[in-house]
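A structural walkthrough
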Amino acid sequence: MWNCPNNSIRGSQLKTFAEILDLTIAFPDSPTRFGYNSANIIDFALINNFNFPFNINSIAELSSDHNPVILNFSLLPPIHHDNSRAVTTCWSAFKNNLKTTLKFLTIKALRIPLCSKIKLNFSPPQFAPPTNLPLNQSQTRNTPTLQTTFIISFETKTETKKKYNNTLNPIDKQNYYRLQEKLKKNLKKISQENWNNKLESLNTRDNSLWQCQRFFRKKRSNIPSLTSSSGVANSDDQKANILASTLQNNFSENKRPGDGRHPIDQEITNTLNNFFDNHPLIPISPTEPDEILNYIKSLKNNKAPGSDLITNKMVKNFQLKLL
């Protein structure tokens, strides 16, 4: 835990004590005491609830077998580094882009007496603001891109698999397996490169190194066996497949035929017919813009968007013309 080559009883007790109280062990990178054919780290510090940057070094300047150790604490706040995967949106640019790209489409007003029976065709509205375009223009996204060779090999593997399913040729099957193994090696190589880049970016000044090692120090309980309609999942691959299929089924869009023969469509039609047969005597007042504006202000920003990918944060930044 502090780069000591051998474990001892006192070291194990100290390790257990530090884990129970959630203490941070600060130790230098190089040994602090040198013996006959041995070198150990016997100088370190226990730190509790100290969130400022620090560094500890072993100074090899004296002629003794025991080096002096310097532990420096900084009372300045840690340096903030932007997340490479974060997305930053300039909402002023979003409003300006939305103002220039917004165009009203032709909307046909349907004026029908409230008491008459009508058939409603459920279709998307004719007014569709191009909100994704202004958002993309005002966003700055820094995401790691995959190598071109990986993308090409993935597409080639998919084409080879389709070719084998159509021809059932053993040569195509062999090529498919060969490309699959090559794709796994490339994916492993990319994962290793990303991990190396992450390790190289760690340092003690912004506490990223200590946060990383604290993450690996914590004990985590194993995920128990998962039960689904397909059976019981015990291995990690089976659990991952069950979780993936469950999330895909729960967060997929409901699709039903558009001919109106679905039970939900029939229920909606019956409800509307009953409403028009027994319509209220007092006419319903139209919706006011102030009502829409007050409702938009009460929306929560952390809610997931719908199929149109328009978030509540985007709606709150709409122009008054769009509202």
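Here the structure is a predicted model, which is why all the values come from computation and not from measurement. Throughout this document, residue positions are counted from 1 along each chain, in the order its sequence is written. Where local features are concerned, this predicted model is filtered to residues with pLDDT of at least 70; where side-chain atom pairs are given and counted, the filter is 80 or more; whole-chain, interface and lining totals use all residues. Just so you know, side-chain values use all the structure's heavy atoms and leave hydrogens and water out.

Side note on the overall build of the protein chain
To be explicit about the condition: Numbering of helices and strands runs from the N terminus; a helix is a DSSP stretch of H or I covering at least four residues, while a strand is a stretch of E covering at least two. Each residue is assigned to one of three classes by its accessible area relative to the maximum for its type, calculated with a 1.4 Å probe on protein chains only: buried under 20%, partly exposed between the two thresholds, exposed over 50%. Computed by Shrake-Rupley with a 1.4 Å probe, the accessible areas treat only the displayed protein chains as cover when residues are assessed.
In terms of helices and strands, the protein chain carries 10 helices and 10 strands. In the protein chain, which comprises 323 residues, the proportion classed as buried is 18%. Accessible area for the protein chain stands at about 25700 Å²; split by element, carbon and sulfur atoms hold 54% of it.

What about the packing of aromatic side chains?
For any pair of aromatic rings, the description consists of the separation of the ring centres together with the inter-plane angle of the planes. Short version of the rule: Only Phe, Tyr and Trp rings are paired, with Trp represented by its six-membered ring, and only when their centres lie within 6.5 Å; those with planes under 30 degrees apart are stacked, over 60 edge-to-face, the remainder tilted.
Considering all chains together, one arrives at 7 aromatic pairs under this definition. Centre to centre, the rings of W195 and F216 are 6.1 Å apart; their planes meet at 85°, and the pair counts as edge-to-face. In this pair, W195 is assigned in helix α5 (residues 170-201) and F216 in helix α6 (residues 208-217), connecting sequence segments 21 residues apart. W195 sits in the partly exposed class, given a relative accessible area of 32%.

A look at helix α1 (residues 9-20)
Where we set the bar: One less than the residue count of a helix, multiplied by 1.5 Å, gives the span that helix is expected to have. Think of a polar contact as two N or O atoms within 3.5 Å of one another; within protein, one of them needs to be a possible hydrogen donor and the other a possible acceptor, and neighboring residues in sequence only count if both atoms come from side chains.
Taking 1.5 Å per residue, 12 residues should reach 16 Å; α1 reaches 17 Å between its end C-alpha atoms and fits that length. Regarding α1, its N-cap is S8, as a side-chain oxygen of that residue lies 3.2 Å from the backbone nitrogen of G11 further along. Directly beyond the C-terminal end of α1, a positive phi value near 55° is found at D22.

Things to note about unusual backbone geometry
One non-glycine residue, D22, lies in positive phi territory at about 55°. Take D22: it is sitting in the loop between α1 and β1 (24-26). Its relative accessible area of 43% is what places D22 among the partly exposed residues.

A word on the pattern of salt bridges
We apply this condition: Every case where a carboxyl oxygen of Asp or Glu lies within 4 Å of a side-chain nitrogen of Lys or Arg is listed as a salt bridge.
Evaluated as defined, the whole model comprises 2 salt bridges. A salt bridge links E19 to K15, with the shortest nitrogen-to-oxygen separation between them at 2.8 Å. Here E19 pairs with K15, and both are found in helix α1, just 4 residues apart, close to one helical turn. Among the residues examined, K15 registers a relative accessible area of 34% and is labelled partly exposed. The residue R33 makes a salt bridge to D65 at a minimum N-O spacing of 3.9 Å. One end of the pair, R33, is in strand β2 (residues 33-35); the other, D65, is in the loop between β5 (54-58) and β6 (69-73), with 32 residues separating them in the sequence. On the basis of relative accessibility, which here comes to 38%, the residue R33 falls in the partly exposed class.

Some thoughts on the side chain of T24
By the secondary structure assignment, T24 is in strand β1. Looking at T24, its side chain comes within polar contact range of the side chain of R214, at 3.4 Å.

With respect to the environment of N301
Put simply, the rule is: In this description, contact between two residues means that some pair of their heavy atoms is separated by no more than 4.5 Å.
Among the structural elements, N301 can be located in the loop between α9 (289-297) and α10 (312-316). On the basis of relative accessibility, which here comes to 41%, the residue N301 falls in the partly exposed class. Here N301 is in contact with N312, K313 and K316, once residues within four sequence places are set aside. A polar contact of 3.1 Å, which involves the side chain of N301, links it to the side chain of K316.

A few points about a nonpolar patch on the surface
Test applied: Residues forming no salt bridge and having over 30% relative accessible area are the ones grouped into patches, like charges within 9 Å of each other and nonpolar side chains (Val, Leu, Ile, Met, Phe, Trp, Tyr) within 5 Å.
On the surface, F17, I20, L21 and L46 cluster together to form a nonpolar patch covering roughly 400 Å² of accessible area. Position of F17 relative to the elements: it lies in helix α1. You can call F17 partly exposed: its relative accessible area is 42%.

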